[in-house]
Amino acid sequence: MTCAVALGLVAAASSLRAETPPGCPESGMPIETLGSEKEQRAALYEQARACVKEGKPLEAVALLSQIIKTDPTAAVAYLNRGSAQAAAGEVALALSDFSVAIKLDPNLLEAWYNRGTTFTHIRRYESAIADFTEAVRLKPDFAPAYCNRGLANMQLGRYDEALVDYVVAIDHDPTLTYCYFNRGSLYLTLGDYRKAINDFNEALKERGDDPVALARRAQAHEAIGEKDKALDDFRAALEADPKLESAREGFNRIVTEQQRSDRHKP
């Protein structure tokens, strides 16, 4: 499965730099803070960010809803609530919040990007491409938008456009390891196995035990006859995820071939 990555919660313009960042309050009830209304709102943003970081997106939704109640024109609050809704699996609510954020502030790059990413996850690829295109119009060097647009183009079978997007994304930000993974998957589909291997090597630098990347690199090695390397990768993929069917099938396929070859040796 190729990757489309969303942005996390965005800090408000007036966000505080507390010496001790607040944690996530229980049940979405805000931790009492002193200061002006702006400072209290900034504290709510920080508490919501903490909730998402702690894996409690619904608590973040409750906190951000309080900000929206007091300021219905706060585009960043809608953006962040949309991100929290997406993290909670509430896709329709997330899309609604991102759309409101865009209506309130058409230049809010993150809202276009996160809505595009959400569209990608639900396979509305044309809508995703339109949003990512607007994101790169707003910020021409925004590498994640190129990478995610590449994924949407790839899913639609527009391989040339996808490859261009991946190349531009990596050129702007060579640290996007998931983009190397996506481009490697495209090269694998196109039968350009050596380039696929090179990209999976880059992707695995961040997480060397990623089972899907290992299995796909194994498929590329197998395709060019490097069976020992393929077997090693399939084995490593199964160690990381024993239930990964593509790795199990590949491992069994090569072992069976080797056993047949051994039986025919004089």
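All of these numbers come straight from a predicted model, not from anything done at the bench.

Caption draft 1: Quick peek at the overall build of the protein. Looking only at helices and strands, the protein features 13 helices and zero strands. Going residue by residue from the N terminus, the α and β elements of the protein occur as α-α-α-α-α-α-α-α-α-α-α-α-α. Residues classed as buried in the protein amount to 45% of the 266 residues present. Residue pairs in contact within the protein that sit at least 24 positions apart in sequence constitute 52% of those at least 6 positions apart.

Caption draft 2: Quick look at unusual backbone geometry. For Arg123, which is not glycine, the phi dihedral falls at a positive 65°. Relative to the helices and strands, Arg123 is located in the loop between α5 (109–121) and α6 (125–138). A relative accessible area of 64% places Arg123 in the exposed class.

Caption draft 3: Quick look at helix α13 (residues 245–263). Its 19 residues place the ends of α13 27 Å apart at the C-alpha level, agreeing with the 27 Å of an ideal helix rising 1.5 Å per residue. Every buried residue of α13 is accounted for by Ala247, Gly250, Phe251 and Ile254. Along the long axis of α13, the arc covered by the buried residues comes to 100°, so they all point the same way. For α13, the elements touching its buried residues are α11 (211–223) and α12 (227–240).

Caption draft 4: Looking closely at the pattern of salt bridges. Considering all chains together, one arrives at 18 salt bridges under this definition. With a closest N to O distance of 3.6 Å, Lys56 and Glu54 form a salt bridge. Since its relative accessible area comes to 27%, Lys56 is described here as partly exposed. The shortest N-O distance in the salt bridge between Glu202 and Lys205 comes to 3.0 Å.

Caption draft 5: Structural view of the state of the cysteines. Under the counting rule described, the total for this entry stands at two disulfides. Note on cysteine connectivity: Cys24 is disulfide-linked to Cys51, with sulfurs 2.0 Å apart. Disulfide Cys24 to Cys51: torsion about the S-S bond roughly 90°, handedness right-handed. With a gap of 27 residues between them, Cys24 in the segment before α1 (37–53) and Cys51 in helix α1 connect regions that are remote in the sequence. Its relative accessible area of 11% is what places Cys24 among the buried residues. With its sulfur 2.4 Å from that of its partner, Cys147 forms a disulfide with Cys179.

Caption draft 6: The arrangement of the packing of aromatic side chains in detail. Scanning the model with the defined rule gives three aromatic pairs in all. Taking 5.8 Å as the distance between ring centres and 55° as the angle between the ring planes, the aromatic pair formed by Tyr113 and Phe132 counts as tilted. Highlighted residues: Tyr113 in helix α5 and Phe132 in helix α6, separated in sequence by 19 residues. Accessibility expressed as a relative area gives 1% for Tyr113, which makes it buried. Measuring from ring centre to ring centre gives 5.2 Å for Tyr113 and Phe142, while their planes differ by 70°; the resulting arrangement is edge-to-face. With Tyr113 in helix α5 and Phe142 in the loop between α6 and α7 (143–155), this pair connects stretches of sequence that are 29 residues apart. No difference in accessibility class separates Tyr113 from Phe142, as the two residues are buried.

Caption draft 7: Highlighting the side chain of Thr120. Its location among the elements puts Thr120 in helix α5. Residue Thr120 is classed as buried on the basis of its relative accessible area, which comes to 5%.

Caption draft 8: Focus on the packing of helix α8 (residues 159–172) against helix α9 (residues 177–190). At a closest axis distance of 10 Å, the pairing of α8 and α9 adopts a crossing angle of 150°. Taken as axis vectors, α8 and α9 run roughly antiparallel relative to one another. As for the relative orientation of α8 and α9, their crossing is left-handed in sense. Residues Tyr159, Ala162, Leu163, Tyr166, Val167, Ala169 and Ile170 of α8 touch α9, and the partners they reach there are Cys179, Tyr180, Asn182, Arg183, Leu186, Tyr187, Thr189 and Leu190. The residue inventory of the contact of α8 with α9, partitioned by class, reads 12 nonpolar, two polar and one charged.

Caption draft 9: Spatial organisation of the packing of α11 against α12. Interhelical geometry of α11 versus α12 gives an angle of 165° and a closest axis separation of 8 Å. As far as their axial angle goes, α12 and α11 are roughly antiparallel. Where α11 crosses over α12, the handedness of that crossing is left-handed. Across the interface between the two elements, Pro211, Leu214, Ala215, Arg217, Ala218, Gln219, His221 and Glu222 from α11 touch Lys227, Lys229, Ala230, Asp233, Phe234, Ala236, Ala237 and Ala240 from α12. Classifying every residue of the contact of α11 with α12 gives nine nonpolar, two polar and five charged.

What counts, and where the lines are drawn
Residues numbered from 1 in each chain as written. Predicted model: local features only at pLDDT ≥ 70, side-chain atom pairs only at ≥ 80, totals over all residues. Heavy atoms only, no water. Helix = DSSP H or I, 4+ residues; strand = E, 2+ residues; numbered from the N terminus. Buried < 20%, exposed > 50% of the residue type's maximum accessible area, 1.4 Å probe, protein only. Contact = heavy atoms within 4.5 Å. Expected span 1.5 Å × (residues − 1). Arc of directions from axis to C-beta. Salt bridge = Lys/Arg side-chain N within 4 Å of Asp/Glu carboxyl O. Disulfide = S-S within 2.5 Å. Phe/Tyr/Trp six-rings, centres within 6.5 Å; stacked < 30°, edge-to-face > 60°. Axes fitted to C-alpha atoms, helices over the stretch in contact; angles between N-to-C directions. Parallel < 35°, antiparallel > 145°, perpendicular 65-115°, else oblique. Left-handed = near helix turned anticlockwise from the far one by under 90°. Nonpolar A, V, L, I, M, F, W, Y, C, P; charged D, E, K, R; others polar.

Purely geometric stuff here, so don't read any function into it on its own.
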